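Coordinate analysis (summary)
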Amino acid sequence: MTKRHVSLPPLAEEGLRAFIDEVDERLSGEEDTCDVVTDVLIDLHGDRDAYERWQDGEDVSPAERVRLQGYDPCNTTLESEYYAEKDEERFKRSKHLQWLWRQFDATPMADNVEFALRFRRMLADHLFESCGEGCRFFKNISFTYGHNIEIGDNVVVHDDVHLDDRGKLTIGDRVSISDDTHIYSHDHDVVDQTHVDNYHTIVEDDVRLTYDSMVRAGVRVGENAILAAKSIAGADIPAHHIAAGTPAKSIAVKDGWESVAEPLADANTDRRAERQLDVAVPDDITVFDEFQRDLSPPDR
């Protein structure tokens, strides 16, 4: 569908450009990332007066204190914080940037599309391994870390998408990812769910992942392919194929691409093992089993 160009009034445009440029400059400089994130979130949430009263030693309620402390990402935890194999050095920064992304989405300004798209695009340059030109990131996108994501040019990621980069995630140019899509790069063992394997998941150029679909860890979705709504890709989807179902199977080749596409009969080979990552947990980590299950099967 053809879209039209939308612009803000001049004064609004001037204000948002100045704000985004200021945050970008601060994140690019020598200033502590935690301090920058704290400062930005206090102002975005309109809590500067309360924060300064608290810093001056005035009384605040326990609820106010928790709220004010929460603007500082050093006072927060994310689910990915518990993952024993994470890169601690990279996570120190990506956690703070991810907190800024998530908490920005909790502000009313996150619904101002022209402002929000540009703010998130600026953050993507600091958070992701790499991010191309012309990308558009809509509301409530979540990540594991952020720093294991590579994204090409002119990618669109819509609302409520989860980009799992516990392993590694590569997304090519001109990819469209619809609402509620989940792309994974880690998988759990069938018997011992505490055992995790990490993979490199690849979504190639010009792919469309449609509404509420899922790409499993280690899958490659080939160039110009489509994954149909509510489908789960558990094996590779060849270039130019349309795949649907659970598990997704190639049901057609896109019109006009038949001469360069792999035959349907040869499609959907499981090559995830080729993309499994060799990840080691540090020896000094104390691990815990949150389930405490007896994993001894009755037939052994």
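Summary of the structure given here.

What counts, and at which threshold
- Residues numbered from 1 in each chain as written.
- Predicted model: local features only at pLDDT ≥ 70, side-chain atom pairs only at ≥ 80, totals over all residues.
- Heavy atoms only, no water.
- Pairing = 2+ DSSP bridges.
- Helix = DSSP H or I, 4+ residues; strand = E, 2+ residues; numbered from the N terminus.
- Salt bridge = Lys/Arg side-chain N within 4 Å of Asp/Glu carboxyl O.
- Buried < 20%, exposed > 50% of the residue type's maximum accessible area, 1.4 Å probe, protein only.

1. Brief notes about the sheet that holds strand β12 (residues 200-203)
- Strand order in the open sheet made by the five strands is β1-β4-β7-β12-β15, with parallel pairing throughout. What marks the edges here is a single partner per strand, and that holds for β1 (130-131) and β15 (220-221).

2. Describing the sheet that holds strand β14 (residues 214-215)
- Taken in spatial order, the five strands line up as β3-β6-β9-β14-β17 in an open sheet, and their pairing is parallel. The open sheet has two edge strands, β3 (142-143) and β17 (232-233), and neither has a second partner.
- Strand direction decides the pairing type here: strand β6 (residues 162-163) and strand β9 (residues 182-183), joined by two bridges, are parallel. Residue pairing across strands places His162 opposite His182, the latter belonging to β9.

3. Digging into the pattern of salt bridges
- Under the counting rule described, the total for this entry stands at 24 salt bridges.
- Arg26 serves as the salt-bridge partner of Asp39, at 3.1 Å between the closest nitrogen and oxygen. Pair noted here: Asp39 is in helix α2 (residues 33-44) and Arg26 is in helix α1 (residues 10-28), with a separation of 13 residues, a long-range link.
- Among the ionic pairs, Asp105 bridges to Arg120, the shortest N-O distance being 2.9 Å. Of this pair, Asp105 sits in the loop between α5 (88-104) and α6 (113-127) while Arg120 sits in helix α6, placing them 15 residues apart in sequence.
- Here Asp105 falls in the buried class, since its relative accessible area comes to 7%.
- Classification of Arg120 by relative accessible area gives buried; the value is 2%.
- Linked by salt bridges that have partners in common, Arg26, Glu31, Asp39, Asp43 and Arg48 make up one network.

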